[in-house]
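If you want the building blocks of each chain, they are given just below.
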Protein chains: 4
Amino acid sequence: MFPIDVRDVRPIYEQIIDQIKEQVIKGILKPGDQLPSVRQLAGNLTVNANTVTKAYQELERQRIIETIRGRGTFIAVLPEKEVNKTKLEEIRKALKGNCIELHYMGFYKEQILEEVSKICEELIKED
Amino acid sequence: MFPIDVRDVRPIYEQIIDQIKEQVIKGILKPGDQLPSVRQLAGNLTVNANTVTKAYQELERQRIIETIRGRGTFIAVLPEKEVNKTKLEEIRKALKGNCIELHYMGFYKEQILEEVSKICEELIKED
Amino acid sequence: MFPIDVRDVRPIYEQIIDQIKEQVIKGILKPGDQLPSVRQLAGNLTVNANTVTKAYQELERQRIIETIRGRGTFIAVLPEKEVNKTKLEEIRKALKGNCIELHYMGFYKEQILEEVSKICEELIKED
Amino acid sequence: MFPIDVRDVRPIYEQIIDQIKEQVIKGILKPGDQLPSVRQLAGNLTVNANTVTKAYQELERQRIIETIRGRGTFIAVLPEKEVNKTKLEEIRKALKGNCIELHYMGFYKEQILEEVSKICEELIKED
DNA sequence: GTGGTCTAGACCACG
DNA sequence: GTGGTCTAGACCACG
């Protein structure tokens with residue numbers, strides 16, 4: 001279901017979170033869609049159930065998904081978009097780090113914007 | 001010297017690496033410039049000397065700085081720009097993650113590119 | 001009949017119990033009034049019949065309702081008011097926890113009492 | 001250090017969270033104070049380190065404490081007091097439940113307010 | 001069958 | 001020595 005890479009530097013639970021958020025943004029997962037149960041997904045990905053639990057809990061905290069007692073876990077209606085200043089600064093720092101790395105590989109502004117543009121294109125459907 | 005933030009989620013050694021790379025890219029630090037000794041910098045930043053050592057070692061591995069026995073540590077001539085495919089993929093993943101987070105805050109392609117554009121502007125001097 | 005919220009953190013059976021107790025206190029349900037059958041209520045609320053059963057059993061244990069074989073379930077005469085010391089301590093702990101949370105939101109004693117006062121007002125008819 | 005009660009219905013990690021928040025509100029723990037390490041506290045309370053970790057992570061998420069890499073965990077400066085409407089509603093529901101229980105024990109408005117008043121008195125220092 | 005809590009214990013990154 | 005991640009597995013509440 002999700003391409004999990006145990007060799008990835010990012011922890012597994014974070015990869016799961018990102019995969020689900022990406023599918024929500026792309027519209028592959030829609031509000032009300034049921035997610036596989038913790039144990040099911042853990043089985044599919046051959047990771048521990050606790051790892052999936054951690055991912056689901058974080059997604060619930062972010063109001064991306066919601067758990068209904070005894071029924072399972074579902075995609076929530078899209079949460080209010082709100083700008084968290086602290087988080088925005090964190091993302092800017094991360095982006096800056098990425099730009100520095102790309103520049104060390106020989107990329108200039110034009111090419112960097114081109115990369116980001118391609119990523120957005122693939123990801124975001126403009127309304 | 002560097003604005004190090006012990007509360008930052010990023011490890012301190014990584015912050016040091018990024019600060020130095022940024023200053024090199026901006027031309028504030030030039031090839032041949034001497035860096036403070038490990039102990040000096042550790043004292044200035046009030047961090048553990050091992051932390052600075054780790055940062056310097058990583059920078060040396062990336063050929064950003066070089067150590068001359070008995071003399072000290074210096075900014076190296078800019079390394080050959082070369083595209084490491086694995087690393088490029090990693091950066092793309094990171095950029096994608098950041099774009100997803102920005103989109104969840106309400107940003108669309110235009111605004112995301114605007115953010116990245118501002119970062120590049122501040123960072124990279126076009127030759 | 002009752003506003004049940006499957007998304008609520010509280011278990012459904014607890015919500016049912018609370019709703020019935022609230023209606024009894026408010027005098028909406030009076031001793032002798034018949035309650036819907038387990039299946040009926042389960043159907044109305046679109047919840048599992050076991051869930052309603054559990055709520056009714058707990059209410060019966062607390063002598064709030066009583067089941068008469070072959071006839072159905074009825075509101076009992078108000079049980080003797082008795083102070084269970086253990087339970088009182090539990091409620092105090094819960095109240096303390098709520099006061100802490102309210103204080104973290106900026107509420108002081110006056111405002112907290114105001115909140116509780118409004119709740120009592122709406123709930124309890126002084127004899 | 002903290003009175004943890006394994007028989008308590010509330011999960012252990014929640015009891016730890018509440019204890020720390022209470023001590024912060026009472027001024028027993030002040031900004032900058034170091035908390036015992038995860039392992040230390042786990043040892044003292046004879047609970048598992050993971051349980052303490054969970055409590056600390058939740059407290060960090062609420063910005064009550066902060067972790068500094070390799071140094072330990074500290075009480076943060078008091079977070080901005082902000083009213084979360086959803087959470088306020090949850091607390092009101094909980095308070096209502098408590099009032100109902102108290103009323104079933106024979107308490108009327110005056111006595112309930114008296115209880116809450118005593119709790120606030122012990123807890124909150126008016127500025 | 002669903003998720004939630006907790007344990008015991010391993011291994012890792014960071015300082 | 002500090003916290004972070006993950007596993008394997010137990011037991012529980014809820015439906």
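Per an unreviewed UniProt entry, chain A is named GntR family transcriptional regulator, and its organism is Sporanaerobium hydrogeniformans.

This paragraph deals with the interface of chain C and chain D. At the junction of the two partners, chain C supplies 48 residues and chain D supplies 48 residues. Considering only the side of chain C, the residues that lose the most area to chain D are Tyr104(C), Met105(C) and Lys109(C), jointly responsible for 16% of the buried surface there. Scanning the region where chain C abuts chain D turns up 12 salt bridges. Between Asp8(C) and Lys93(D) there is a salt bridge; the shortest N-O distance is 3.2 Å. Taken together, the links from chain C to chain D amount to 14 residue pairs in polar contact (both at pLDDT 80 or more). Take the side of chain C that touches chain D: its biggest share by element is 15 residues, from helix H4 (residues 85–104) of chain C. Residues belonging to the side of chain C that touches chain D are distributed by class as follows: 24 nonpolar, five polar and 19 charged.

Our next topic: the sheet that holds strand S1 (residues 34–35) of chain C. Backbone hydrogen bonds are what pair the strands of a sheet, in a parallel or an antiparallel way. All names here are of chain C. The three strands lie next to each other as S1-S3-S2, forming an open sheet whose pairing is antiparallel. Lying at the two open borders of the sheet, with one neighbouring strand each, are S1 and strand S2 (65–68). In this structure, S2 lies alongside strand S3 (residues 72–75), joined through four bridges in antiparallel fashion. Looking at S3, one finds that Ile68 is bridged to Gly72. Each of S1, S2 and S3 is contacted by helix H3 (residues 49–61), which is oriented at about 110° to S2, the strand it contacts most.

Taken together, the 47 residues of chain A in the interface contact 48 residues of chain B. Summed over both sides, the interface between chain A and chain B buries roughly 5000 Å², with carbon and sulfur atoms accounting for 67% of that surface. Here chain A and chain B share 12 salt bridges between them. Between Glu115(B) and Arg92(A) there is a salt bridge; the shortest N-O distance is 2.8 Å. The leading source of residues in the side of chain A that touches chain B is helix H4 (residues 85–104) of chain A, at 15 residues.

So, about the relation of the copies chain A and chain B. The operation relating chain A to chain B is a screw motion whose rotation component is 180°, with 0.1 Å of axial translation and a residual RMSD of 0.2 Å. Considering both components of the superposition, the chain copies are consistent with a two-fold axis. A shared binding surface is used by both copies, with 100% of the interface residues of chain A retained as interface residues in chain B.

Now for the protein's contact with DNA strand E. The environment of DNA strand E is made up of 24 residues, and the closest members are Arg39(A), Ile12(D), Tyr13(D), Asn50(D) and Thr51(D). Of everything in DNA strand E that lies within 4 Å of the protein, sugar and phosphate atoms constitute 74%. At 2.8 Å from a phosphate oxygen of DNA strand E is found a side-chain nitrogen or oxygen belonging to Tyr13(D). Asn48(D) places a side-chain nitrogen or oxygen 2.9 Å from a base nitrogen of DNA strand E. Only helix H2 (38–45), helix H3 (49–61) and strand S2 (72–75) of chain A, helix H1 (12–25) and helix H3 (49–61) of chain B together with helix H1 (12–26) and helix H3 (49–61) of chain D provide two or more residues apiece to the surface near DNA strand E. If one sorts the elements of the surface near DNA strand E by residue count, H3(D) sits on top with three residues. Of the residues assigned to the surface near DNA strand E, the class counts are eight nonpolar, 11 polar and five charged.

Let us look at helix H1 (residues 12–26) of chain A. Look at H1(A): 21 Å from first C-alpha to last across 15 residues, which is about the 21 Å you get at 1.5 Å a residue. With 11 of its 15 residues buried, H1(A) lies for the most part within the structure. Inspection of H1(A) places Gln15(A), Ile16(A), Ile17(A), Asp18(A), Gln19(A), Ile20(A), Lys21(A), Glu22(A), Gln23(A), Val24(A) and Ile25(A) among the buried residues, and these make up the whole buried set. Structurally, H1(A) contributes buried residues whose contacts are with H2, H3, S2 and helix H5 (109–123) of chain A together with helix H4 (85–104) of chain B. Trailing H1(A) by a residue or two, Gly27(A) shows a phi angle of about 85°, which is positive.

Turning to its location among the elements, Gln23(C) is positioned in helix H1 (residues 12–26). Discounting residues that sit within four places of it in the chain, Gln23(C) has contacts with Phe2(C), Ile28(C) and Leu29(C).

The rules behind the values
Residues numbered from 1 in each chain as written. Chains lettered and ligands numbered in written order. Predicted model: local features only at pLDDT ≥ 70, side-chain atom pairs only at ≥ 80, totals over all residues. Heavy atoms only, no water. Contact = heavy atoms within 4.5 Å. Buried area = accessible area lost by both parts, 1.4 Å probe. Salt bridge = Lys/Arg side-chain N within 4 Å of Asp/Glu carboxyl O. Polar contact = N/O pair within 3.5 Å; in protein donor to acceptor, adjacent residues only side chain to side chain. Helix = DSSP H or I, 4+ residues; strand = E, 2+ residues; numbered from the N terminus. Nonpolar A, V, L, I, M, F, W, Y, C, P; charged D, E, K, R; others polar. Pairing = 2+ DSSP bridges. Axes fitted to C-alpha atoms, helices over the stretch in contact; angles between N-to-C directions. Least-squares fit on C-alpha atoms with pLDDT ≥ 70 in both. Near = heavy atom within 4 Å. Expected span 1.5 Å × (residues − 1). Buried < 20%, exposed > 50% of the residue type's maximum accessible area, 1.4 Å probe, protein only.

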